[in-house]
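Each chain, letter by letter, is given below.
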Amino acid sequence: MAERAWICPRCRRLNSAADSHCYHCGASLGTSLVVRAREAIQTVFGQEQPAARFYLMLCIGVYLITVLKGGHFNPLSSIQPIEALRFGALGTGANEPWRYLSAMFVHFSAMHILFNMMTLNDLGRLLEPRIGSGRFLCAFLGTGIAGFIASSLWYEWWGDAWLTAGASGGLMGLIGVFIGILRARKDPRWRQILGRVFVYGLIFAIVFPVNNAAHVGGFIAGGGLGFFFGHEKRALKNTSWYNALATILVVLSLASIAASYVSVQQRQHSETHEPDNPI
C-alpha cells in the first residue's frame, strides 16, 4: 500500500507521510484541529476563496431563513424587523455584544444582499489569494465589528431609534485593507483607488439609505489593518496564528446567530407570560 503524502496548507508543497511539519516552511501537517477544519472548509467551498464563499453562503442562508420565517417574499420590500432582530440585527434595545458580529450576516432585502454578496465575491477573488484565507476572514469580520461599533456610537449620540445590519461595513473594511497594503508597499495606485472609493461612497450616501457610520468605521479600520499587513514581519510564520483565530471566529459567527435567536425567543416568551397589572 502506498503511503499518504502531505500537501502543506501554508505553502502548498509536497511532504512525505512521515513528516509532522512541512520540510519547506515548518507549518503543521494535518495533525491539528485547525488544519483539519480548514481542509474541510476548502473541500466544501473550494480552494481559491473558501473564506469568502463560506460567508457568502452563510449570509444567503440567514436571509432565506428570515424571509421564510416572515412568511412572505418581496424583492422590493424589507424583511420584518422582528425577524432581523431574531437572527442577529443590531439596534435600539437589542445591542447585546454578540450582535456586533451577527449583524453582519443579516440583510433587509433581496437587493441589499445581492449587492453585498456580489461585492464579497469580487473582493474574495481580489484579496483572499493575496493575503490568505485566515487574514481575509479576520479582516472581514474585524472591520465589520469595528463598523458596527462606530455606527452604534453614532446613533446613540443622536438618540434616535435605529436598526442596522449587513456585511457592508466589513466589505468597506476589505477595500480599506487593499488600499492600506498598496500604501504600505508604496504602490501609487492607492491614491486612485481611494479617490474612486470616496466618490462612490459619497454617491451611495446621497442616493441610498446606507449606514454611513459603519462604512466609514469599517474602512478606517481596514486601512490601518492593511497598512499593518503590508509592513508585517514574519508574515509567513504568522499565518498559522491567523488561521487559528479565523477558525475561532467562524465558530463565534454561528454562535452569535444562535445567541440572537435565543435572546429574542426568551424575550417574547417572557412578554407573553407576564401577569397583568392589577387595577
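Just so you know, these numbers come straight off a predicted model, no measurement behind them.

(A) Quick look at the overall build of the protein chain. When helices and strands are counted, the protein chain shows ten helices and four strands. In sequence order, the protein chain lays out its α and β elements as β-β-α-α-α-β-α-α-α-β-α-α-α-α. A total of 279 residues make up the protein chain; the buried ones form 44% of that total. Within the protein chain, residue pairs in contact and separated by at least 24 positions form 69% of the contacts whose partners lie at least 6 positions apart. Working note: accessible area of the protein chain is about 15,700 Å², and carbon and sulfur atoms make up 65% of it.

(B) Region of the structure containing the pattern of salt bridges. Scanning the entire structure with this criterion turns up five salt bridges. Measuring nitrogen to oxygen at the nearest pair gives 3.0 Å for the salt bridge that ties Glu 83 to Arg 86. Taken together, the residues Glu 83 and Arg 86, both in helix H3 (residues 81–86) and three residues apart, mark about one turn of the helix. The pair formed by Glu 83 and Arg 86 is uniform in burial state, with each residue classed as buried. Put simply, Glu 96 and Arg 99 hold a salt bridge, and the shortest N to O gap is 2.5 Å. As far as burial versus exposure is concerned, Glu 96 and Arg 99 are alike and both buried. Through salt bridges that share partners, Glu 96, Arg 99 and Arg 267 make up one connected network.

(C) Examining the packing of helix H7 (residues 168–184) against helix H9 (residues 212–231) more closely. Between H7 and H9, the shortest axis-to-axis distance is 6 Å and the interhelical angle comes to 35 degrees. Crossing of H7 against H9: the hand is right-handed. Residues Ser 168, Gly 169, Met 172, Gly 173, Ile 175, Gly 176, Val 177, Ile 179, Gly 180, Ile 181, Arg 183 and Ala 184 of H7 form the contact with H9, whose participating residues are Ala 214, His 215, Gly 218, Phe 219, Gly 222, Gly 223, Leu 225, Gly 226, Phe 227, Phe 229, Gly 230 and His 231. Tallied by class, the residues present in the contact of H7 with H9 amount to eleven nonpolar, twelve polar and one charged.

(D) Just the packing of aromatic side chains, in detail. The final tally for this structure, using the stated rule, is eight aromatic pairs. A ring pair is formed by Tyr 55 and Phe 140, whose centres lie 5.9 Å apart and whose planes are at 65 degrees; its orientation type is edge-to-face. Linking Tyr 55 in helix H2 (residues 50–70) with Phe 140 in helix H6 (residues 133–158), this pair joins segments that are 85 residues apart in sequence. Comparing Tyr 55 with Phe 140 shows no difference in burial state: the two are buried. Ring centres of Trp 154 and Trp 158 lie 5.8 Å apart, and the angle between their planes is 65 degrees; on these two criteria the pair is classed as edge-to-face. One end of the pair is Trp 154 and the other is Trp 158, both in helix H6 and four residues apart, which spans about a single turn. Sitting over the face of the ring of Phe 229, Arg 135 holds its NZ or CZ atom 6.0 Å from the ring centroid.

(E) Structural context of a nonpolar patch on the surface. A cluster of nonpolar side chains, namely Phe 198, Val 199, Tyr 200, Leu 202, Ile 203, Phe 204, Ile 206, Val 207 and Phe 208, defines an oily patch on the protein surface of about 950 Å² accessible area. In this structure Phe 208 comes out as partly exposed when scored by relative accessible area, which is 41%.

(F) Seen up close, helix H5 (residues 110–131). Across its 22 residues, H5 extends 30 Å between first and last C-alpha, which sits within 8% of the 32 Å expected from 1.5 Å per residue. Maximal helix bending in H5 amounts to about 40 degrees, located at Gly 124. Inspection of H5 places Ala 110, Ile 113, Asn 116, Met 117, Leu 120, Leu 123, Gly 124, Leu 127, Glu 128 and Ile 131 among the buried residues, and these make up the whole buried set. After H5 finishes, the residue Gly 132 shows a positive phi value of roughly 95 degrees.

(G) Seen up close, the environment of Gly 124. Mapping Gly 124 onto the fold places it in helix H5. For the pair Gly 124 and Leu 171, spaced 47 residues apart in sequence, the C-alpha separation works out to 9.9 Å. Leave out the neighbours within four places in its chain, and Gly 124 touches Gln 49, Ala 52, Pro 129 and Phe 136.

Calculation notes
- Residues numbered from 1 in each chain as written.
- Predicted model: local features only at pLDDT ≥ 70, side-chain atom pairs only at ≥ 80, totals over all residues.
- Heavy atoms only, no water.
- Helix = DSSP H or I, 4+ residues; strand = E, 2+ residues; numbered from the N terminus.
- Buried < 20%, exposed > 50% of the residue type's maximum accessible area, 1.4 Å probe, protein only.
- Contact = heavy atoms within 4.5 Å.
- Areas by Shrake-Rupley, 256 points an atom, 1.4 Å probe, with all protein chains shown as cover.
- Salt bridge = Lys/Arg side-chain N within 4 Å of Asp/Glu carboxyl O.
- Axes fitted to C-alpha atoms, helices over the stretch in contact; angles between N-to-C directions.
- Left-handed = near helix turned anticlockwise from the far one by under 90°.
- Nonpolar A, V, L, I, M, F, W, Y, C, P; charged D, E, K, R; others polar.
- Phe/Tyr/Trp six-rings, centres within 6.5 Å; stacked < 30°, edge-to-face > 60°.
- Lys NZ or Arg CZ within 6 Å of the ring centre and 35° of its normal.
- Patch = residues over 30% accessible without salt bridge, like charges linked within 9 Å, V, L, I, M, F, W, Y side chains within 5 Å.
- Expected span 1.5 Å × (residues − 1).
- Bend = angle between axes of the 7 residues up to and from the residue.

All quantities given are derived from atomic positions and should not be read as evidence of function.
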